[in-house]
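# Geometric and topological summary
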Amino acid sequence: MIEHIVLVHGGAGDITDSAKIPILLAGVKAAALEGYRKLQETGCVLDAVEYAVRNLEDNENFNAGKGSVINTDGEVEMDASIQCGKTLDCGAVTIVKDVKNCITLARKVMENTEHTILGAEGARRFAIDQGLDLMEPGALVTERRIEDLKRILAKRQEPKCEMGTVGSVAINSKGNLAAATSTGGREGKMPGRCSDTSQIGSGTFADDAIGCVSTTGHGESIMKVCLAYNILENHKAGMSIQDATKKGVNDMTAKVGNTAGAIAISHNGEVGVGFSSNRMSWAYIKGNEVHFGVDQDQHDIETITI
Ligand code: GLY
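Notes on the structure in this doc start here. This is a predicted model, so every value here is computed, not measured.

The next subject is the overall build of the protein. The helix and strand inventory of the protein stands at eight helices and 13 strands. Computed over its C-alpha atoms, the radius of gyration of the protein comes to 17 Å, within 12% of the 19 Å expected for a compact globule of 306 residues. Principal-axis analysis of the C-alpha atoms gives the protein an extent of 55 × 40 × 40 Å. For the protein, the share of sequence-separated contacts (at least 6 apart) that also reach a separation of at least 24 residues comes to 66%. As presented, the protein carries roughly 12000 Å² of accessible surface, and 48% of it is formed by carbon and sulfur atoms. Between the centroid of the 31 positive side chains of the protein and the centroid of its 41 negative side chains there is a distance of 2 Å.

This part is about helix α5 (residues 143-153). Listed in full, the buried residues belonging to α5 are Arg145, Asp148, Leu149 and Ile152. The buried residues of α5 occupy an angular sector of 95° when projected down its axis, which confines them to one face.

So, about the packing of helix α7 (residues 227-236) against helix α8 (residues 241-256). Close contact between α7 and α8 brings their axes to 8 Å; oriented N to C, the two are set at 135°. On the basis of their axis angle, the class for α7 and α8 is oblique. The handedness of the crossing between α7 and α8 comes out as right-handed. Taken together, the residues of α8 that come into contact with α7 (itself represented by Leu227, Asn230, Ile231, Leu232, Asn234 and His235) are Ile241, Ala244, Thr245, Lys247, Gly248, Val249 and Met252. Residues belonging to the contact of α7 with α8 are distributed by class as follows: seven nonpolar, five polar and one charged.

As enumerated under the stated definition, the model contains 17 salt bridges in all. Its salt-bridge partner being Arg124, residue Glu121 comes within 3.7 Å of it at the nearest N-O pair. In this pair, Glu121 and Arg124 both sit in helix α4 (residues 120-129), three residues apart, roughly one turn of the helix. Exposure remark for Glu121: the relative accessible area of 43% places this residue in the partly exposed category. Arg124 sits in the buried class, given a relative accessible area of 19%. In this structure, Lys236 and Glu233 form a salt bridge, with 3.1 Å as the shortest nitrogen-oxygen distance. Here the residue Lys236 and the residue Glu233 both occupy positions in helix α7, the gap between them amounting to three residues, near one helical turn. Because the salt bridges share partners, they merge into one network encompassing Asp47, Glu50, Arg107 and Glu111.

Our next topic: the packing of aromatic side chains. Counted according to the given criterion, the structure contains two aromatic pairs. Measuring from centroid to centroid gives 5.1 Å for Phe205 and Tyr229, while their planes differ by 80°, and the two rings are edge-to-face. Of the two residues, Phe205 sits in strand β7 (residues 204-207) while Tyr229 sits in helix α7, which places them 24 residues apart along the sequence. Given the relative accessible area of 12%, Phe205 is considered buried. Looking at Tyr229, the relative accessible area reads 30%, which means it is partly exposed.

This part is about the side chain of Ser214. Relative to the helices and strands, Ser214 is located in strand β8 (residues 211-217). Take Ser214: its relative accessible area is 0%, and that puts it in the buried class. A polar contact of 2.9 Å, which involves the side chain of Ser214, links it to the side chain of His9. Side-chain polar atoms of Ser214 contact the side chain of Thr181, separated by 2.8 Å. Among all residues touching Ser214, those that are not within four sequence positions of it are His9, Gly167, Ser168, Val169, Ala180, Thr181, Gly203, Gly261, Ala262 and Ile263.

Time to look at the packing of helix α1 (residues 21-42) against helix α2 (residues 45-57). Relative orientation and spacing of two packed helices are given, respectively, by the angle between their axes and the distance between those axes. Two elements in contact, α1 and α2, have axes separated by 8 Å at closest approach and are oriented at 150°. As the angle between them shows, α1 and α2 are arranged roughly antiparallel. In this structure, the crossing between α1 and α2 has a hand that is right-handed. Taken together, the residues of α2 that come into contact with α1 (itself represented by Gly27, Val28, Ala30, Ala31, Glu34, Gly35, Lys38, Leu39 and Thr42) are Val45, Asp47, Ala48, Tyr51, Ala52, Asn55 and Leu56. A breakdown of the residues in the contact of α1 with α2 according to their chemical character gives nine nonpolar, four polar and three charged.

Conventions adopted
Residues numbered from 1 in each chain as written. Predicted model: local features only at pLDDT ≥ 70, side-chain atom pairs only at ≥ 80, totals over all residues. Heavy atoms only, no water. Helix = DSSP H or I, 4+ residues; strand = E, 2+ residues; numbered from the N terminus. Rg over C-alpha atoms; globule rule 2.2 N^0.38 Å. Contact = heavy atoms within 4.5 Å. Areas by Shrake-Rupley, 256 points an atom, 1.4 Å probe, with all protein chains shown as cover. Lys, Arg positive; Asp, Glu negative; His and termini not counted. Charge placed at Lys NZ, Arg CZ, Asp CG, Glu CD. Buried < 20%, exposed > 50% of the residue type's maximum accessible area, 1.4 Å probe, protein only. Arc of directions from axis to C-beta. Axes fitted to C-alpha atoms, helices over the stretch in contact; angles between N-to-C directions. Parallel < 35°, antiparallel > 145°, perpendicular 65-115°, else oblique. Left-handed = near helix turned anticlockwise from the far one by under 90°. Nonpolar A, V, L, I, M, F, W, Y, C, P; charged D, E, K, R; others polar. Salt bridge = Lys/Arg side-chain N within 4 Å of Asp/Glu carboxyl O. Phe/Tyr/Trp six-rings, centres within 6.5 Å; stacked < 30°, edge-to-face > 60°. Polar contact = N/O pair within 3.5 Å; in protein donor to acceptor, adjacent residues only side chain to side chain.

If you want it as structure tokens, here you go:
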């Protein structure tokens, strides 16, 4: 019998400030727990990954939702995607302004439209039609992100590779899988830039016959290798999901440069975590344990009360 698992990541990147680590780990553990509780309540893996990602979108310490970076016009433009492994149904949004939880909007695109990806003003209008929470224009732009952009534009600081995209993958006792990913994108990006996070096969992929994956990192590189699908191809070829995940991100860095991270669950409930950046925060709940880490080869375990 397969056990319920909800696994999340809080973004891969050059996380050089060690003071941030306890904050990131607390954030990913809380999000995994929220997704797991939802999975215990409804049994639905789409609910699990949506609620885990919503929790991270509401946490200003991650680059999605309230913590999103800004583009060179000083605006927040967000992307998100979600896929159901049982049906392969999927939904995504790109270049979205003012929507508090883009992952919920992506799920609405999947469930309530004939389309797969909605972008820009059309996506925002659809969010209003669907009764989603919208922020006042500009309310998602924070002082911290304005200061970051000023430093980048003045060329006093390279973009920090602060990808910080968030994501979740989950499996239930029936072996159903789902994946979800959400991002504010890259610091100092051009207005109108779409990320890998909005692309099924690059940022997000789920197929009950193989596994499910959510990726994070340098989006332009991730799209060149269709990273989420590439990891599952490695697994289909006979690798463990852990080896397939590590190989996927390391091959991407070797072939096209830049760094990435990914989380995965195989169709039989094994977990994969890998990143070619120096750090990536991640956590998963299985039974009464939370597993977590942020440094290469770190895998800590604590007992929790669900
Ligand atoms: N992977 C997120 C981004 O490049 O925007």
